[in-house]
Amino acid sequence: MKKLAIAAAALAIGTVSASAADLAARPYTKAPAPIAAVYNWTGFYIGAQVGYAWGDNSTREFVTATGVPTAFNQGFNTDGFVGGGHVGYNWQVGQFVFGLEGDVEGADINGGYRLIPSLDGTDFRLDAQASIRGRLGVAFNNSLLYVTGGAAWADMEHTYVNANILFETHSTTRTGWTVGAGWEYGFTPNWSARLEYRYTDFGTFRNASVFSFPGFSYEHDPVFHTVRGGISYRFGGPVVARY
């Protein structure tokens, strides 16, 4: 009887061990992939910028009564600093960013010449400018490469100088066009910094001299290259999470 009990116990232990061995192994669960943040460029923004401009201009002389050019044509350089503010709105569709932006700037751009020995000449000054432009960019998360272009305006003065004694100033607000490209980097979800280059052309126009050189008109064609750095605050949505 004792041997029978021992045999039964051994059989039971063997059965339990076999059943345990037949159980499926515990499944392995892979850890979830980390969440990647996607920068969102959509939204209204405001900002400020400063920059340096340099360009070319010229003074070409015409007989006012007939419009016939004389032999006089004098080119000169201009340069100076600009600074102001900008506002705009971006729409992001996938990787592409579309926008509309306007800016207003004060400026201290000057240039001119004096002829030797007569000391006749032209002085130039631009003290304010503005633009309205479209923007088209490609976003690489929080880095945006873009091109921009649109209309530009500027308040400028040309002063005709006779013998460095008689000065006659003509002020005008010119409309032109501007194109450029830039890089913008979002260093927080709402703040971004930019570096931009633009070329601006204000066309060709004439002023008729009344006092300094009566009977003559002077034609000008100011163009500018400008590099600007700026910072913007965007009121758009937060960074979007992507799995």
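Calculation criteria
Residues numbered from 1 in each chain as written. Predicted model: local features only at pLDDT ≥ 70, side-chain atom pairs only at ≥ 80, totals over all residues. Heavy atoms only, no water. UniProt positions renumbered as here; feature names shortened; annotations may be inferred. Helix = DSSP H or I, 4+ residues; strand = E, 2+ residues; numbered from the N terminus. Buried < 20%, exposed > 50% of the residue type's maximum accessible area, 1.4 Å probe, protein only. Contact = heavy atoms within 4.5 Å. Areas by Shrake-Rupley, 256 points an atom, 1.4 Å probe, with all protein chains shown as cover. Salt bridge = Lys/Arg side-chain N within 4 Å of Asp/Glu carboxyl O.

An unreviewed UniProt entry annotates the protein chain as Outer membrane protein beta-barrel domain-containing protein of Bradyrhizobium icense. According to the UniProt record, the Subcellular location (unreviewed entry) comment for the protein chain reads "Cell outer membrane".

Go over the overall build of the protein chain with me, naming the residues and quoting the values.
When its secondary structure is counted, the protein chain shows 1 helix and 12 strands. For the protein chain, the N- to C-terminal ordering of α and β elements is α-β-β-β-β-β-β-β-β-β-β-β-β. Looking at the protein chain as a whole, 36% of its 243 residues qualify as buried. Considering only contacts within the protein chain whose residues lie at least 6 apart along the sequence, 68% involve residues at least 24 apart. Accessible surface computed for the protein chain: about 13400 Å², of which carbon and sulfur atoms make up 68%.

Account for the pattern of salt bridges, with residues named and values stated.
Tallied over the full model, the rule gives 14 salt bridges. As a salt-bridge pair, D103 and R198 come within 3.3 Å of each other at their nearest N and O atoms. Here D103, found in strand β4 (residues 96–114), pairs with R198, found in strand β8 (residues 191–201); they are 95 residues apart in sequence, far enough to count as distant. On the basis of relative accessibility, which here comes to 5%, the residue D103 falls in the buried class. When its relative accessible area of 3% is taken as the criterion, R198 is described as buried. When the shortest N-O distance is used, the salt bridge between D123 and R114 registers 2.8 Å. Since its relative accessible area comes to 25%, D123 is described here as partly exposed.

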